[in-house]
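Architecture at a glance
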Amino acid sequence: TTGRSVVLGAVPAYSGPFVPAPDARRLAAVAYSAPSGLHPAPSRFVLVEVRPRFHVRTAALGRSNVSGDVIWLSNARVAFFPSASGDVDVVRVFDDRLRALSRWRGWRARRTVLFGKRALGLGHRGDLVVADPVRGRPRLLRTLPGLIAHGIAVVRGAPRVEAVQP
């Protein structure tokens, strides 16, 4: 490596963090838009094709003040999970050209991760919420112990841990 940086192109302001696709050919993020002024611009979903050539696509989310998690379901499908109460925006699944494949309401979680073919997220009070990322139908899996849960992570190859009921 040379340590040299190269500007590939521009992305919308306040984009990020960018999440790479499994094949590392694309990046996806949310470009946040503050709810200021009379007619604030909506937040946007950003899809960046890095290879074979740099290209940026965006899609408007429901309104301004929308943020959330980006989850790649495959090399050709990416999902947006809103991190607010569920009333601000909907879960959206896009293809690799940013065409909407599905959308559904009712996700009330944050820090969303993909576990197998299921989306897991943290609801209020440490609720572990699960849903099919394409079809929806979110449900409470269990409430985690402790006062506040800050994040979840998928650990591949870890031994199975049985839940302890208080």
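Each value, and the rule that gives it
Residues numbered from 1 in each chain as written. Predicted model: local features only at pLDDT ≥ 70, side-chain atom pairs only at ≥ 80, totals over all residues. Heavy atoms only, no water. Helix = DSSP H or I, 4+ residues; strand = E, 2+ residues; numbered from the N terminus. Rg over C-alpha atoms; globule rule 2.2 N^0.38 Å. Buried < 20%, exposed > 50% of the residue type's maximum accessible area, 1.4 Å probe, protein only. Areas by Shrake-Rupley, 256 points an atom, 1.4 Å probe, with all protein chains shown as cover. Phe/Tyr/Trp six-rings, centres within 6.5 Å; stacked < 30°, edge-to-face > 60°. Contact = heavy atoms within 4.5 Å. Salt bridge = Lys/Arg side-chain N within 4 Å of Asp/Glu carboxyl O.

1. Details of the overall build of the protein chain
- Counting its secondary structure elements, the protein chain contains zero helices and 12 strands.
- Helices (α) and strands (β) of the protein chain occur, in sequence order from the N terminus, as β-β-β-β-β-β-β-β-β-β-β-β.
- In summary, the protein chain has a C-alpha radius of gyration of 17 Å against a globular reference of 15 Å for 166 residues, a match within 12%.
- Its C-alpha atoms give the protein chain principal-axis dimensions of roughly 55 × 45 × 30 Å.
- Sorting the 166 residues of the protein chain into buried and exposed places 34% on the buried side.
- Counting every atom, the protein chain has about 10,500 Å² of accessible surface; 54% of that belongs to carbon and sulfur.

2. A short note on the environment of arginine 63
- You can see arginine 63 is positioned in the loop between β4 (55–60) and β5 (68–72).
- Sequence separation between arginine 63 and proline 145 is 82 residues; the distance between their C-alpha atoms is 34 Å.

3. Overview of the packing of aromatic side chains
- Throughout the structure, instances matching the rule amount to five aromatic pairs.
- Aromatic side chains phenylalanine 81 and tryptophan 104 sit 6.1 Å apart centroid to centroid with 80° between the ring planes, which places their arrangement in the edge-to-face category. Of this pair, phenylalanine 81 sits in strand β6 (residues 77–82) while tryptophan 104 sits in strand β8 (residues 100–104); the two residues are 23 residues apart in sequence, bridging distant segments of the chain. Note on accessibility: phenylalanine 81 and tryptophan 104 belong to one class, buried.
- Each residue in the set Phe45, Phe80 and Phe94 is aromatic and connected to the rest through ring pairs, giving one cluster.

4. Focus on the side chain of arginine 92
- Structurally, arginine 92 can be placed in strand β7 (residues 91–95).
- With near-sequence residues (within four places) excluded, arginine 92 lies in contact with Ala60, Leu61, Gly62, Val78, Ala79, Phe80, Ser102 and Arg103.

5. What about the pattern of salt bridges?
- Evaluation of the coordinates by the stated rule reveals six salt bridges.
- For the salt bridge of arginine 25 with aspartate 23, the shortest nitrogen-to-oxygen distance reads 4.0 Å.
- In this structure aspartate 23 comes out as partly exposed when scored by relative accessible area, which is 25%.
- In this structure, arginine 125 engages aspartate 127 in a salt bridge whose closest nitrogen and oxygen atoms are separated by 3.2 Å.
- The exposure class of arginine 125 is exposed, given its relative accessible area of 64%.

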